[in-house]
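Examination of the molecular architecture
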Amino acid sequence: MQMIIVDDEAHWVDNLAMTKPWHTLGIEQVHKAYSAREALQIIDTNPIDIVISDIQMPEMTGIELIERIRKRDKKIKCIILSGHSEFDFAKKALQHNAVDYLLKPPTDDEIIGAVKTAIEQLNTEWELISSLKRTQFTLRENLPLLRGQLLLDALQGHQFQAGEWERKLVTYDLPFHSGDCALMLVRMEEEFSHYNNNDQTLIEYAIINMAEEIMGEFMQVWGVKEEHGYLVFLLQLKEKGSDIGKETILEKLSLQLQYKVKQFLKGSLSIVITEWFQFPEKVSSRFRQATAYFRQIVGDEREFVMRVSEFEPSTTQGPLDALYTPPTLIHLLESGHWDAAEEKLLAVCAELDEKWSESWEHCMEAGFLITASFTNLAHRNGHTLANLVGDDLGWLQSGEAFSTIGKLRKWSLSILSKLKEGTSNEIKDIRSEYVKKIQDFTDKNLHLDVSLRVLADHVNLHPTHLSKIYKIETGEGISDYISRLRMDRACHKLKTTSKKVYEISMEIGYMDPAYFIKVFKRQFGVTPQEYRDNNK
């Protein structure tokens, strides 16, 4: 856990932060803030769990600080310290759910006891949020979506680590196991085309329910709608149905589903059934085979039930699997996973070498899709591919890039490297632009509120993200930059103008001159007036 101590009396903050055994309570880091605004900047950029704050501070009281904290994070626990036992303060603190209200100076037992209470409250709340019971409830609520996505992942060829399938099947309460399975693809015909999207979804849901009801006596049924519009069902025989011919029962139940949909939903279905195959290893290949059989049916033929075994697949040609297995190249590029994108390109070329070394068409297919992915990324970033890759575009225009697998490998990896470099430079330029905007805004508005949240709103970024990119680009935190700018400007005004200290204080953003004097002395070891006198 992380905690912050807030007080305008620096010695009190330093003493409380450094002399108490916070690590024994599980507090990993104790931050120090000498004003409420500084505290808010730290809270915006660090995962603070507990705040200990004085109630009387310049610019903002401890109560006002709690109010602002509550708008940021309602789970942060606050402990208030005060030199006065005023009932109104205590009442307001309790109204804002402060853990405790302690009088200064608190005893060790009081302050440590209050922090222990805050930790207990946090642990209780997070245990409830992360509890197995709550997780299981959430899982049950989202189970249909999770099951559907898992089947879609399998159909698309997503690879799971050893044992991952079994764990997911148990977690999602799916009664399937490794062994014989079949796929049934269902295409809804034109009678259903007049439904709007909402009604169409209801019809699809009704067909899935009917399939589960009709086939459920003999088989485990797991259905989902996939991206091309097919309703796909993974089927596995139950033990009690094992003495019935698998092919016979599957065709019979498919015909029954067709009939019931026609009878009650007034529409026709076309159905393709795969051979029985080993689950889960062969799911993706059998799905591709089944969709291919749908494409082979030409003309007006509808309302059929077809077994894929009725056709012999071509042995001389086939799909280029690595190119289309999720995550695809375009998705890797869009998400900035450059190393994974390079691995994808190498996997595609390795499959070409192994299976299609004599097929120029497969090499061309891979080249066109790789080029389309590169071009899409360039256009999304507001560029042209030609501008990003330069002379390498000539290989593409001449056709040399796809003429051999070796040239495709060399060309695609070269383009990927240039895209990565161009994107990296663009990100750096964007960061530099944000830094310039922040510094320009701060320079012009130092006398106003230049807190991290205000600066983040100015450039439309989240405070934490802004803080990180500013530190990456400049090596300095935003709060450190603002503090340094204020002190530099104060020194300049003290040396070059005759303005009073309180005027300078207001002009650089300190509403309380006494607080400005305290901060200045902590920085330079002398008061502002002493600094002026020494630099005449």
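Residues numbered from 1 in each chain as written. Predicted model: local features only at pLDDT ≥ 70, side-chain atom pairs only at ≥ 80, totals over all residues. Heavy atoms only, no water.

Quick word on the environment of Val 501
Turning to its location among the elements, Val 501 is positioned in helix H22 (residues 501–507). Look at Val 501 and you get buried, because its relative accessible area is 16%. Residues Val 501 and Pro 513, 12 residues apart in the sequence, show an inter-C-alpha distance of 7.3 Å. Beyond its immediate stretch of four places on either side in the chain, Val 501 contacts Phe 516, Ile 517, Pro 528 and Gln 529. (Helix = DSSP H or I, 4+ residues; strand = E, 2+ residues; numbered from the N terminus. Buried < 20%, exposed > 50% of the residue type's maximum accessible area, 1.4 Å probe, protein only. Contact = heavy atoms within 4.5 Å.)

A word on the pattern of salt bridges
Scanning the model with the defined rule gives 32 salt bridges in all. With its nearest N and O atoms 2.6 Å apart, the salt bridge here joins Asp 108 to Lys 20. One end of the pair, Asp 108, is in helix H5 (residues 108–130); the other, Lys 20, is in the loop between helix H1 (10–19) and strand S2 (29–33), with 88 residues separating them in the sequence. In this structure, a network of salt bridges that share partners links the residues Arg 187, Glu 189, Glu 190 and Arg 302. (Salt bridge = Lys/Arg side-chain N within 4 Å of Asp/Glu carboxyl O.)

Considerations on unusual backbone geometry
Keep in mind that most residues, glycine aside, have a negative phi and that most peptide bonds are trans. In the segment running from Lys 104 into Pro 105, the intervening peptide bond is cis, with an omega of -15°. Tracing the sequence through the fold places Pro 105 in the loop between strand S5 (100–103) and H5. Cis geometry is adopted by the peptide bond preceding Pro 327, which originates at Pro 326 and carries an omega value of -5°. Relative to the helices and strands, Pro 327 is located in the loop between helix H12 (321–324) and helix H13 (329–334). In the Ramachandran plot, Asp 173 falls in the positive-phi region, its phi being about 55° despite a non-glycine side chain. Residue position: Asp 173 is located in the loop between helix H8 (164–171) and strand S6 (179–188). The exposed category is assigned to Asp 173, whose relative accessible area is 57%. In this structure, Lys 266 is a non-glycine residue whose phi angle is positive, near 60°. Position of Lys 266 among the secondary structure elements: in the loop between helix H10 (246–265) and strand S9 (269–273).

Comments concerning the side chain of Gln 41
Mapped onto the elements, Gln 41 comes out in helix H2 (residues 36–45). You can call Gln 41 buried: its relative accessible area is 15%. In contact with Gln 41, not counting residues within four places along its chain, are Val 450, Ser 451, Leu 452, Ser 479 and Ile 482.

Some remarks on the sheet that holds S5
What the five strands build is an open sheet, ordered S2-S1-S3-S4-S5; its pairing is parallel. Single-partner strands in this sheet number two, and they are S2 and S5. When strand polarity is set aside, the average angle formed by the axes of neighbouring strands in this sheet is 20°. Sheet analysis places strand S4 (residues 77–82) next to S5, joined by four bridges and oriented parallel. Bridge pairing in S5 links Ile 80 to Tyr 101. Across the sheet, H1 touches strand S1 (2–6), S2, strand S3 (50–54) and S4, and the angle it forms with S2 is around 180°. (Pairing = 2+ DSSP bridges. Axes fitted to C-alpha atoms, helices over the stretch in contact; angles between N-to-C directions.)

Thoughts on helix H18 (residues 405–444)
Compared with an ideal rise of 1.5 Å per residue, which puts 40 residues at 58 Å, H18 spans 58 Å between its outermost C-alpha atoms and is within 8% of the ideal. Taken together, the buried positions of H18 are Ile 405, Leu 408, Trp 411, Ser 412, Ile 415, Leu 416, Leu 419, Thr 423, Val 435, Ile 438, Phe 441 and Thr 442. (Expected span 1.5 Å × (residues − 1).)

Things to note about the nonpolar core
Ranked by internal contacts, the top residues of the largest apolar core, which has 55 residues, are Trp 22, Ile 50, Ile 52, Val 115, Leu 466, Phe 516 and Phe 520. Ranked by residues supplied to this core, first place goes to helix H21 (residues 478–496) with eight residues. Those residues within four positions of Val 115 in sequence are excluded, and the remaining contacts are Met 3, Trp 22, Leu 25, Ile 50, Ile 52 and Ile 79. One finds Leu 169, Val 224, Val 232 and Val 308 within the second-largest nonpolar core, a separate group that totals 32 residues. (Core = buried A, V, L, I, M, F, W, Y, C linked by side-chain atoms within 4.5 Å.)

Focus on the pairing of S2
Relative to S2, S1 runs parallel, the two being bridged by five bridges. Along S2, the bridge assignment pairs Gln 2 with Gln 29. Running through H1, the crossover from S1 to the neighbouring parallel element S2 is right-handed. (Right-handed = clockwise from strand over helix to strand, strands pointing away.)

As for the pairing of S6
In summary, the side chains of a regular strand alternate between the two faces of the sheet. With nine of 10 residues buried, S6 lies mostly within the body of the structure. Relative to strand S10 (residues 277–279), S6 is paired through three bridges, and the arrangement is antiparallel. Looking at the pairing, Asp 180 lines up with Gln 278 of S10. Where S6 meets strand S8 (residues 231–237), five bridges bridge the pair, whose relative direction is antiparallel. Paired with Val 186 across the strands is Leu 231, a residue of S8. Where S6 meets S9, five bridges bridge the pair, whose relative direction is antiparallel. Bridge pairing links Arg 187 to Ser 270 in S9.

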